[in-house]
Amino acid sequence: MKKIFTLLTCLLLLAPVFVRAQVKFGGTRSSGANDALEFDYASPKEYVIADITVSGSKFLDANSLISLSGLKKGDKIRIPGEDISTAIKKLWDQGLLGGVEISATKIEGENVFLDIMVKERPRLSRFTFTGIKKGDSEALTKKVSLIRGRVVTDALVKNTQLQVKKYYLEKGYLNTVVNITQVADTVLSNSIVMKINVDKKHKVKIHLLAFNGREAIKEKKLRKKMKGTKQKAFHHVFTPSKFIPSKYEEDKKKLIAYYNSQGYRDMAIVSDTVYKHDNKTVNVELNIDEGKKYYFRDITWSGNYVYKSDILSEVLGIKKGDVYNLEELEQRLNYSPTTQDITSLYMDFGYLFFNIEPVEVAVDGDSIDIEMRIYEGAQANINKIILNGNTQTNDHVVLREIRTLPGQKFSRAALIRTQREIATLGYFDPEKIGINPIPNPQDGTVDIEYTVQEKPSDQVELSGGWGGYYGFVGTLGLVFNNFSARDIFKFSKYHPVPKGDGQRVALRFQASGKQYQTYSATFTEPWLGGKKPNSFSVSLSHTVINNYFTNTGGVSTDKNGGAQITGVTFSLGRRLQKPDDFFNLSNSISYQRYLLQNYGLFSNDFKTGTSNSVVFNTTLARNSIDNLTFPRSGSSFSLSLSVTPPYSLLQKQRDFAHEPNSEKFKFIEYHKWMFDATWYTSLIGKLVLSTRVHMGFLGNYNKALGFSPFERFVMGGSGMSGQTMGNVARDMIGLRGYQDNSVGPQNPLGGVVYDKFVLEARYPISLNPSATIFVLGFAEAGNNWGNYQEYNPLDVKRSAGFGARIFMPAFGLIGIDYGWGFDRPGGVGGQFHFTIGQQFR
């Protein structure tokens with residue numbers, strides 16, 4: 001049966017899913033033929049495609065559409081047949097078109113000319129959110145995958161709805177409704193504006209959290225484990241009871257893990273349900289099967305040759321009768337943060353290929369026997385060290401801190417220690433130090449790759465403050481922590497200064513006009529000679545203080561005296577190997593010259609004269625903290641002794657009682673003892689406890705001479721030195737909650753003995769190296785005494801408060817605290833304190 005060319009409905013029946021796709025044949029034969037094209041459906045005929053054209057396309061490339069159809073010039077196709085419907089399906093599957101028609105426009109003998117008529121889908125010109133706040137709108141704009149000019153498909157609309165709902169679902173809005181309407185753009189042709197209307201409804205909270213089948217463990221404990229799924233209660237201020245599906249799924253896993261840790265290894269959540277309680281709350285019910293509580297019975301070892309079984313059992317620390325806890329067992333075998341584990345026992349002695357597998361070999365009632373199957377392998381030697389990521393710091397600066405040297409036995413402890421040493425350099429992001437052992441089983445060696453990411457380490461201090469009597473004090477400081485002295489004459493290395501060798505240069509200037517000026521410069525080489533960690537530093541300082549009369553007009557112009565203090569210090573330190581290599585010993589010698597002219601801030605009895613101070617200092621310190629910016633573990637101890645020559649003991653014929661102070665203190669003498677100790681302990685999660693003890697003692701050699709008027713202790717306030725001119729040649733001890741210099745003897749000299757005790761809880765807000773931020777709460781107590789007869793280490797001034805610290809590489813540590821002093825004159829009082837570039841001591 002023959003039919004004049006029309007819509008070939010038979011081909012549409014072959015592809016019924018294409019609602020808008022059509023196959024249509026129309027056109028003319030060659031010259032002289034009939035106008036109608038006739039096809040025999042009973043006897044399909046084979047044609048050769050002579051040409052293909054595309055019509056209806058505005059934005060899409062015609063050649064690309066022809067290519068996507070699978071048809072090409074010269075192909076043989078059967079008409080009627082599946083070739084045309086297959087081409088339409090391929091085009092439709094792209095999701096770019098709203099309609100497709102393929103027509104035969106002309107037939108010449110065995111040749112057929114085809115035209116692909118397309119109707120393009122509209123494109124997105126812009127989109128808007130309605131029904132929500134500006135902040136949510138900005139956040140959603142970043143989350144939804146909407147790009148101007150993108151083809152608008154049903155899948156795109158549906159995906160946008162799901163992304164918006166998911167955003168609010170994670171905030172506790174379970175019933176959010178999202179309606180999307182498409183409006184034709186009146187400016188751009190074939191474009192639409194997508195209007196996204198959001199009705200987030202109310203937050204859905206948890207009315208009831210129930211554990212059906214619970215018997216062994218109190219419900220209160222189970223609820224504590226589900227920290228992200230809290231039942232409504234008045235005391236849940238910081239943990240609101242929003243229902244968030246993703247956190248609920250996490251909490252179910254935590255619940256199972258907690259049961260397992262209590263010996264219930266078969267515990268299972270049989271089913272759970274979340275159902276509506278009212279319009280704003282839901283009930284959550286978990287049906288649990290606790291199962292039986294199990295205990296460890298016999299633990300045996302197999303495959304161990306290096307260590308005897310009793311040694312391994314002692315390190316494991318799990319005894320017969322202990323509650324069956326797979327989580328604890330895993331820690332004791334592979335990684336324990338507090339004690340030695342089995343894996344570290346082997347890997348610290350080179351057994352990189354070590355593996356251990358605990359196998360339950362018997363379950364008898366409530367008791368389980370475990371066999372520890374060990375593969376020890378051979379010891380691995382370190383082949384080579386690979387260092388990546390240090391774009392500014394020279395290789396030797398990092399490599400000299402590495403504790404895993406080629407030729408040595410592999411050691412996991414050495415890897416961990418190396419990570420700590422690289423972090424404490426201060427040049428790299430401590431959160432992104434990567435360690436990747438690359439085993440070579442063929443030759444029994446291992447390559448170790450260290451990856452670092454540079455962070456800014458130089459600092460700029462630009463600050464101002466009021467210096468009491470002298471008014472405004474401005475400070476400019478520059479610290480280059482990764483300086484390179486050998487490149488100082490290579491101007492191509494200045495960015496803005498030569499860097500990369502780990503040396504430190506610190507420059508500081510502080511002034512209040514002509515009344516007060518101080519200059520200081522310090523250079524430190526941490527590896528003198530480049531072969532051993534022997535540090536060398538030299539520092540120079542000069543301070544000028546001028547007093548002025550105030551004339552009738554209120555202008556200070558007439559000089560009334562002042563002081564000049566000039567000093568130089570040389571120091572040499574070295575890393576010790578005993579008792580362990582966390583210890584350092586440093587020695588220094590310094591000279592200070594004090595030139596006083598009618599300047600009574602040191603002593604009312606000593607206003608004019610010249611004093612000289614030659615001091616030898618030795619400091620024994622141990623520092624094992626894991627991170628310079630935000631320590632989580634480790635400790636820091638320091639014991640220092642500063643001594644001057646005992647001039648008075650060498651001149652026993654002198655009568656100090658009748659000598660003027662200008663002669664008495666011409667050469668300053670004292671001995672000074674300082675002790676500082678800090679411990680860092682991780683409590684829960686990221687919460688860290690810092691415990692600190694600080695003590696200082698100033699002594700003399702000759703009772704007739706008395707204590708030196710210099711180098712005394714001043715306590716109170718932030719403890720920032722240099723902000724008042726009377727604080728030169730003083731040790732400033734902070735005590736938050738009290739005014740500066742208000743704790744201890746109220747005289748210009750200061751105290752001769754002090755102690756201070758601090759508890760500080762810290763929690764990080766951001767550990768980003770460009771801006772590390774943490775908040776803290778503190779309680780501290782301390783006091784300062786003018787003589788040893790009154791000294792009572794427990795007679796302290798107490799305070800408590802809260803604060804925050806921001807560490808920015810360019811400015812150092814910036815802090816603000818508010819403290820309540822409980823023993824202030826007149827009762828309890830509060831005070832703000834601001835610090836820059838220092839920790840409280």
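Up top you'll find the structure we're talking about.
Model, not experiment: these values are computed from the prediction.

## What to know about the nonpolar core
- The biggest cluster of nonpolar side chains holds 28 residues, and the ones touching the most others in it are Tyr594, Phe710, Met715 and Tyr754.
- Elements with a contribution of two residues or more to this core: strand S26 (556-575), strand S27 (583-597), strand S32 (712-715) and strand S34 (753-766).
- One finds Ile77, Ala87, Leu97 and Leu114 within the second-largest nonpolar core, a separate group that totals 23 residues.

## What to know about the pairing of strand S5 (residues 45-55)
- Pairing analysis gives four bridges linking S5 to strand S6 (residues 76-79), with the strands arranged antiparallel. Bridging across to S6, Tyr47 finds its partner in Ile77.
- Bridge count for S5 against strand S8 (residues 111-120) is seven bridges, and the pairing is parallel. The residue of S8 that forms the bridge with Thr53 is Asp115.

## Quick word on the sheet that holds strand S10 (residues 177-184)
- In spatial order, the strands read S9-S11-S10; together these three strands make up an open sheet with mixed pairing. Where the open sheet ends on each side, the last strands, each with one partner, are strand S9 (123-130) and S10. For this sheet the average axis-to-axis angle between neighbouring strands, irrespective of direction, equals 20°.
- In this structure, S9 lies alongside strand S11 (residues 191-199), joined through seven bridges in parallel fashion. Its bridge partner being in S11, Thr130 is matched across the sheet by Asn197.
- Strand contacts of helix H5 (residues 154-169): S9, S10 and S11, with the helix running at about 145° to S10, the strand carrying the most contacts.

## Let's talk about empty space enclosed by the protein
- Scanning the model with the defined rule gives four cavities of 30 Å³ or more in all.
- By volume, the second largest cavity is sized at about 70 Å³.
- Considering the residues around the second largest cavity, the lining is formed by Asp429, Pro430, Glu431, Lys455, Asn627, Thr629, Phe630, Leu767, Pro769, Thr772 and Phe807.
- Looking at side-chain class alone, the lining of the second largest cavity contains five nonpolar, three polar and three charged residues.

## Let's talk about the environment of Arg762
- Tracing the backbone through its elements, the reader meets Arg762 in strand S34.
- In this structure the C-alpha to C-alpha distance between Arg762 and Phe774, which are 12 residues apart in sequence, comes to 6.5 Å.
- A distance of 2.8 Å separates a polar atom in the side chain of Arg762 from a polar atom in the side chain of Glu760.

## Brief notes about the packing of aromatic side chains
- Going through the model one piece at a time under the given rule, you end up with 24 aromatic pairs.
- Between the aromatic rings of Tyr259 and Tyr264, the centroid separation amounts to 5.7 Å while the plane-to-plane angle is 80°, which identifies the pairing as edge-to-face.
- Of the residues examined, Tyr259 reaches a relative accessible area of 0% and is grouped as buried.
- The interplanar angle of 55° and the centroid separation of 5.2 Å between the aromatic rings of Phe630 and Phe774 together place this pair among those described as tilted. Taken as a pair, Phe630 in the loop between strand S28 (609-623) and strand S29 (634-643) and Phe774 in strand S35 (residues 772-785) lie far apart in primary sequence, 144 residues in all.
- Of the residues examined, Phe774 reaches a relative accessible area of 1% and is grouped as buried.

## Side note on a nonpolar patch on the surface
- A cluster of nonpolar side chains, contributed by Val460, Leu476, Phe509 and Tyr519, occupies part of the molecular surface with about 310 Å² of accessible area.
- Looking at the element boundaries, Phe509 is found in strand S23 (residues 503-512).

## Focus: the layout of surface pockets
- Taken as a whole, the largest pocket spans an internal volume of roughly 800 Å³.
- The wall of the largest pocket is formed by 20 residues, among which Tyr335, Ser336, Pro337, Ile416 and Ser633 lie closest to the centre.
- No other element matches helix H12 (residues 412-425), which puts five residues into the lining of the largest pocket.
- Here the residues of the lining of the largest pocket are counted per class, giving five nonpolar, eight polar and seven charged.

Basis of the calculations
- Residues numbered from 1 in each chain as written.
- Predicted model: local features only at pLDDT ≥ 70, side-chain atom pairs only at ≥ 80, totals over all residues.
- Heavy atoms only, no water.
- Core = buried A, V, L, I, M, F, W, Y, C linked by side-chain atoms within 4.5 Å.
- Buried < 20%, exposed > 50% of the residue type's maximum accessible area, 1.4 Å probe, protein only.
- Helix = DSSP H or I, 4+ residues; strand = E, 2+ residues; numbered from the N terminus.
- Pairing = 2+ DSSP bridges.
- Axes fitted to C-alpha atoms, helices over the stretch in contact; angles between N-to-C directions.
- Contact = heavy atoms within 4.5 Å.
- 1 Å grid on protein atoms, 1.4 Å probe; cavity = no way out; pocket = protein on both sides within 12 Å on 5 of 7 lines; lining within 4 Å.
- Points joined across faces, edges and corners; volume = space filled by probe spheres on them.
- Nonpolar A, V, L, I, M, F, W, Y, C, P; charged D, E, K, R; others polar.
- Polar contact = N/O pair within 3.5 Å; in protein donor to acceptor, adjacent residues only side chain to side chain.
- Phe/Tyr/Trp six-rings, centres within 6.5 Å; stacked < 30°, edge-to-face > 60°.
- Patch = residues over 30% accessible without salt bridge, like charges linked within 9 Å, V, L, I, M, F, W, Y side chains within 5 Å.
- Areas by Shrake-Rupley, 256 points an atom, 1.4 Å probe, with all protein chains shown as cover.
- Salt bridge = Lys/Arg side-chain N within 4 Å of Asp/Glu carboxyl O.

Honestly, that's just the spatial picture; any functional story needs more than this.
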